[in-house]
2 protein chains.
Amino acid sequence: MNCEQLFQQILNKRSFLCVGLDTDILKIPKHLLDTSDPVFFFNKEIIDSTAEFAVAYKPNLAFYESLGWQGWQSLEKTVHYVREKHPDIFLIADAKRGDIGNTSNLYARTFFEKLDFDAVTVAPYMGEDSVKPFMSYPEKWVILLALTSNKGAADFQYLKDGETGDQLFETVLKTSQNWGTAENMMYVVGATKAEKLKEIRQIVPDHFLLVPGVGAQGGSLQEVAQNGMNSQCGLLVNSSRGIIYASNSIDFAKKAGEAAKNIQQEMDVLLQEKQLI
Amino acid sequence: MNCEQLFQQILNKRSFLCVGLDTDILKIPKHLLDTSDPVFFFNKEIIDSTAEFAVAYKPNLAFYESLGWQGWQSLEKTVHYVREKHPDIFLIADAKRGDIGNTSNLYARTFFEKLDFDAVTVAPYMGEDSVKPFMSYPEKWVILLALTSNKGAADFQYLKDGETGDQLFETVLKTSQNWGTAENMMYVVGATKAEKLKEIRQIVPDHFLLVPGVGAQGGSLQEVAQNGMNSQCGLLVNSSRGIIYASNSIDFAKKAGEAAKNIQQEMDVLLQEKQLI
């Protein structure tokens with residue numbers, strides 16, 4: 001999916017919501033455990049009840065891998081289901097991969113050929129040749145970790161370069177702009193650092209930002225929009241637990257839909273305030 | 001496996017060789033493609049013919065994931081095979097994972113419970129809470145990326161901290177020592193940076209180092225041993241392509257065994273020079 005198509009979907013749905021499919025077999029409603037593939041069945045119901053309010057879905061690979069090859073099978077079925085039933089959706093593999101070029105090539109093959117994801121999250125530590133293989137696919141995206149929402153972000157991401165005075169996450173933002181464009185790169189910026197979004201927008205005015213950490217992790221949607229929205233919206237705000245575990249009973253899909261709708265309605269207002277719709 | 005057991009295996013086999021199972025379906029001998037699981041069959045033969053000369057195996061996850069759930073199945077079968085037939089082997093998941101604590105917990109569950117690996121490689125960018133979940137398993141190991149062997153290593157790993165004067169990889173080495181011990185942490189240090197090994201040994205005298213980049217990537221085994229070996233050997237040197245693709249014909253396993261033996265014999269000499277055997 002290209003940038004224009006993503007923006008169009010945002011305008012159509014009046015939403016920039018990404019639903020995180022952090023589907024944990026230990027947390028899904030018990031009645032699903034009798035089905036042949038509980039994880040896939042849960043995802044299918046969640047997707048059908050929220051797709052009207054969301055522009056993107058983001059399965060986190062850890063949850064699928066924890067079930068071994070059966071988990072990968074549930075993931076593959078989820079991707080096929082989205083492609084078949086909801087072809088307008090932007091699909092993100094939250095995989096945080098990154099290896100030497102030879103190996104990153106294979107990860108790109110995995111997520112863009114074997115599975116038909118639109119984007120994959122990548123860690124920047126190993127530099128350019130670990131990231132660029134993901135950019136050789138037209139209309140596919142790298143989403144590079146810049147400033148994450150967890151406590152450990154403080155360990156290395158704020159370290160100040162002696163020469164430039166830039167913090168590591170700023171260096172990542174600046175350096176990586178030589179590797180791709182706003183048409184094939186996005187950045188992960190945690191919502192718990194909303195005050196940092198303004199600075200980040202000065203470095204990357206045009207790139208989409210994938211913003212986790214709203215809701216369960218404590219970030220504010222309003223602050224994110226105020227500091228991070230650009231003329232093409234430029235934001236995908238992720239919510240996982242607040243939506244997919246809104247209820248763990250028979251009505252889980254309905255409640256997930258309601259939770260997604262609530263966020264979409266807030267987003268509608270924010271898009272109007274920015275005069276994008 | 002604990003540190004003492006690993007060292008004992010090194011002494012027994014007179015080797016600190018790790019064989020990288022970067023098994024690419026496009027590169028394995030054609031006659032294997034008729035079997036029910038070519039990747040597993042290839043691994044099985046490679047392992048049987050090299051286990052006498054190697055103390056560790058390191059499947060790189062990218063190669064398995066590129067085949068989807070069937071690839072994960074081949075990986076799981078490989079792990080079970082090693083555990084059953086070669087119980088003394090140290091098994092490394094070269095996965096380069098790392099995510100917020102909640103998610104890293106699941107990756108730890110994947111590699112240490114669902115699969116019975118001894119160690120997993122982890123990227124440091126997201127800091128302490130992305131790494132520590134892997135350390136809550138007794139006799140299991142994190143292998144943290146410090147200085148990698150690829151060109152992109154230069155993009156961020158050498159950045160000099162304005163306050164301490166340390167380069168990023170040095171900060172990673174120093175900071176992460178507060179998270180674990182030489183009994184549950186190792187570091188990845190690329191062999192193409194052999195001259196850096198001496199400096200790194202001063203920061204982490206006791207930790208095992210996993211050293212990729214010998215052979216195909218150009219590093220020298222002798223230099224690595226001279227600069228990196230400690231009183232418990234402290235090195236696992238990885239070779240992938242040079243061993244597993246020594247031949248791509250019917251004699252591939254035999255040739256892999258010979259290639260592994262050649263390296264083991266060099267290692268034998270180096271261990272003697274260090275008076276460890």
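Above: the structure in question.
Every value quoted in this text rests on a predicted model; they were computed, and no experiment measured them.

**Regarding unusual backbone geometry**
We note that Glu139 of chain A has phi near 60°; this positive angle belongs to a residue other than glycine. Assignment of secondary structure puts Glu139 of chain A in the loop between helix H6 (128-131) and strand E5 (141-147). In this structure, Arg14 of chain B takes a positive phi of about 50° despite not being glycine. When you line up the elements, Arg14 of chain B lands in the loop between helix H1 (3-13) and strand E1 (17-21). For Arg14 of chain B, a count of 18 C-beta atoms within 10 Å corresponds to the partly exposed category.

**Looking at the relation of the copies chain B and chain A**
Overlaying chain B with chain A gives an RMSD of 0.0 Å, the required rotation being 180° about an axis along which the chain moves by 0.0 Å. On the angle and the small slide along the axis, the relation comes out as a two-fold axis. By C-alpha distance to the rotation axis, the residue of chain B lying nearest is Gly162 of chain B, at 1.7 Å. By residue overlap, the copies meet face to face through one surface: 100% of the interface positions of chain B are interface positions in chain A.

**Let's talk about the environment of Phe134 of chain A**
All names here are of chain A. Mapped onto the fold, Phe134 is located in the loop between H6 and E5. Along the primary structure Phe134 and Gly101 are separated by 33 residues, whereas in three dimensions their C-alpha atoms are 9.8 Å apart. Excluding residues that lie within four positions of it along the chain, Phe134 makes contacts with Ser104, Ala108, Val120, Val122, Lys140 and Val142.

**Examining the pairing of strand E7 (residues 208-211) of chain B**
Residues and elements named next belong to chain B. What you see with E7 is no split at all: Phe208 and Leu210 on one side and Leu209 and Val211 on the other are buried throughout. Across three bridges, strand E6 (residues 185-189) lies against E7 in parallel orientation. Of the residues in E7, the one forming a bridge with Val188 is Leu210. Once the chain exits E6 it traverses helix H9 (residues 194-203) before rejoining the sheet at E7, and the crossover so formed is right-handed. Summarising the sheet, E7 and strand E8 (residues 235-239) pair through three bridges and their orientation is parallel. Of the residues in E8, the one forming a bridge with Leu210 is Leu236.

**Considerations on the pairing of E5 of chain A**
All names here are of chain A. The buried fraction of E5 is high, at seven of seven residues. One ladder, built from four bridges, connects strand E4 (residues 119-122) with E5; its direction is parallel. Residue pairing across strands places Val122 opposite Leu144, the latter belonging to E5. Inspection of the sheet shows E5 paired to strand E6 (residues 185-189) by five bridges, in the parallel sense. Residue pairing for E6: Leu145 is matched across the bridge by Val188.

**Considering helix H9 (residues 194-203) of chain A**
The α-helix winds at 3.6 residues per turn, so residues separated by three or four positions along the chain end up facing the same way. Residues and elements named next belong to chain A. Along H9, the residues classified as buried are Ala194, Leu197 and Ile200. Buried residues of H9, seen end-on, are gathered within an arc of 75° and therefore sit on one face of the element. The exposed residues of H9 that point more than 90 degrees off its buried face are Glu195, Lys198 and Gln202. On its buried face, H9 sits against helix H8 (168-176), E6 and helix H10 (221-228).

**Re the environment of Lys254 of chain B**
Assignment of secondary structure puts Lys254 of chain B in helix H12 (residues 252-273). Here the alpha-carbon distance between Lys254 of chain B and Ile46 of chain B, two residues 208 residues apart in the chain, equals 8.3 Å.

**Focus: the packing of helix H2 (residues 38-50) of chain B against helix H4 (residues 68-85) of chain B**
What describes two packed helices is the angle between their axes and the distance between those same axes. Residues and elements named next belong to chain B. The contact between H2 and H4 brings their axes to 9 Å, and the two run at 25°. When the axes of H2 and H4 are compared, the pair comes out roughly parallel. Taken as a pair, H2 and H4 cross one another with a handedness that is right-handed. Between H2 and H4, the residues in contact are Val39, Phe40, Asn43, Lys44 and Ile47 and Gly71, Ser74, Lys77, Thr78, Tyr81 and Val82, respectively. Across the contact of H2 with H4, the residue classes tally to five nonpolar, four polar and two charged.

**Notes on the interface of chain B and chain A**
Interfaces are often described in size by the accessible area the parts lose on coming together. Contacts between the two partners involve 50 residues from chain B, matched on the other side by 50 residues from chain A. Listing elements by their share of the side of chain B that touches chain A, those giving two or more residues are helix H3 (61-65), H4, strand E3 (90-97), helix H5 (101-114), helix H6 (128-131), helix H7 (153-156) and helix H8 (168-176) of chain B. A total of seven residues in the side of chain B that touches chain A trace back to one element, the largest contributor, which is H5 of chain B. Within the side of chain B that touches chain A, the residues separate by chemical class into 18 nonpolar, 18 polar and 14 charged.

**With respect to the sheet that holds strand E2 (residues 56-59) of chain B**
Residues and elements named next belong to chain B. Strand order in the closed barrel made by the eight strands is E1-E2-E3-E4-E5-E6-E7-E8, with parallel pairing throughout. Sheet twist, expressed as the mean angle between neighbouring strand axes with direction ignored, is 30°. Sitting on the sheet, H8 touches strand E5 (141-147) and E6, and the angle it makes with E5 is about 155°.

**Some words on H9 of chain B**
Turning to H9 of chain B, its buried residues are Ala194, Lys196, Leu197 and Ile200 of chain B. Looking at the packing, one finds that the buried side of H9 of chain B touches E5, H8, E6 and helix H10 (221-228) of chain B.

**Concerning the packing of H9 of chain A against H10 of chain A**
Residues and elements named next belong to chain A. For the pair H9 and H10, the least separation of the axes is 8 Å and the interaxial angle reads 15°. With respect to H10, the axis of H9 lies roughly parallel. Here H9 and H10 pass one another in a crossing that is right-handed. Contacts between H9 and H10 involve Ala194, Leu197, Lys198 and Arg201 on the former and, on the latter, Glu223, Val224, Asn227 and Gly228. When the residues that make up the contact of H9 with H10 are grouped by side-chain class, the tally is three nonpolar, two polar and three charged.

**Looking at the sheet that holds strand E1 (residues 17-21) of chain A**
Residues and elements named next belong to chain A. An order of E1-E2-E3-E4-E5-E6-E7-E8 is seen for the eight strands of this closed barrel, with the pairing classed as parallel. Across the sheet, the mean angle separating the axes of adjacent strands is 30° when strand polarity is ignored. Summarising the sheet, E1 and strand E2 (residues 56-59) pair through four bridges and their orientation is parallel. Along E2, the bridge assignment pairs Gly20 with Lys58.

What counts, and at which threshold
- Along every chain, residues carry numbers that run from 1 in the direction the sequence is written.
- Naming scheme: in the order in which they are written, chains are lettered from A and ligands are numbered from 1.
- Reporting of local features is limited, given that this is a predicted model, to residues whose pLDDT is at least 70; pairs of side-chain atoms are given and counted only at 80 or more, and all residues count toward the totals for whole chains, interfaces and linings.
- Starting at the N terminus, helices and strands are each numbered in turn, a helix being any DSSP run of H or I of at least four residues and a strand any DSSP run of E of at least two.
- For every residue, the other C-beta atoms within 10 Å of its own C-beta are counted; 20 or more classify it as buried, 12 or fewer as exposed, and values in between as partly exposed. C-beta atoms are placed from the backbone.
- Alignment of the copies relies on least squares applied to C-alpha atoms, considering only residues that score at least 70 for pLDDT in both.
- Each residue gets a C-beta atom placed from its backbone, and two residues are in contact if those atoms lie within 7 Å.
- Strand pairing is assigned whenever DSSP identifies at least 2 bridges connecting the two strands.
- By convention a crossover is right-handed if, when the strands point away from the viewer, the path from the first strand over the helix to the second runs clockwise.
- The reported arc concerns the directions from the helix axis to the C-beta atoms and nothing else.
- In this analysis an axis means a line fitted to C-alpha atoms, helices contributing only their contacting stretch, and an angle means the value between N-to-C directions, from 0 to 180 degrees.
- The labels follow the angle: roughly parallel below 35 degrees, roughly antiparallel above 145, roughly perpendicular from 65 to 115, and oblique for the rest.
- By convention, the crossing between two helices is left-handed when the near helix turns anticlockwise from the far helix through less than a right angle, and right-handed when the turn is clockwise.
- All amino acids are sorted into three groups, where Ala, Val, Leu, Ile, Met, Phe, Trp, Tyr, Cys and Pro are nonpolar, Asp, Glu, Lys and Arg are charged, and the leftover types, Gly among them, are polar.

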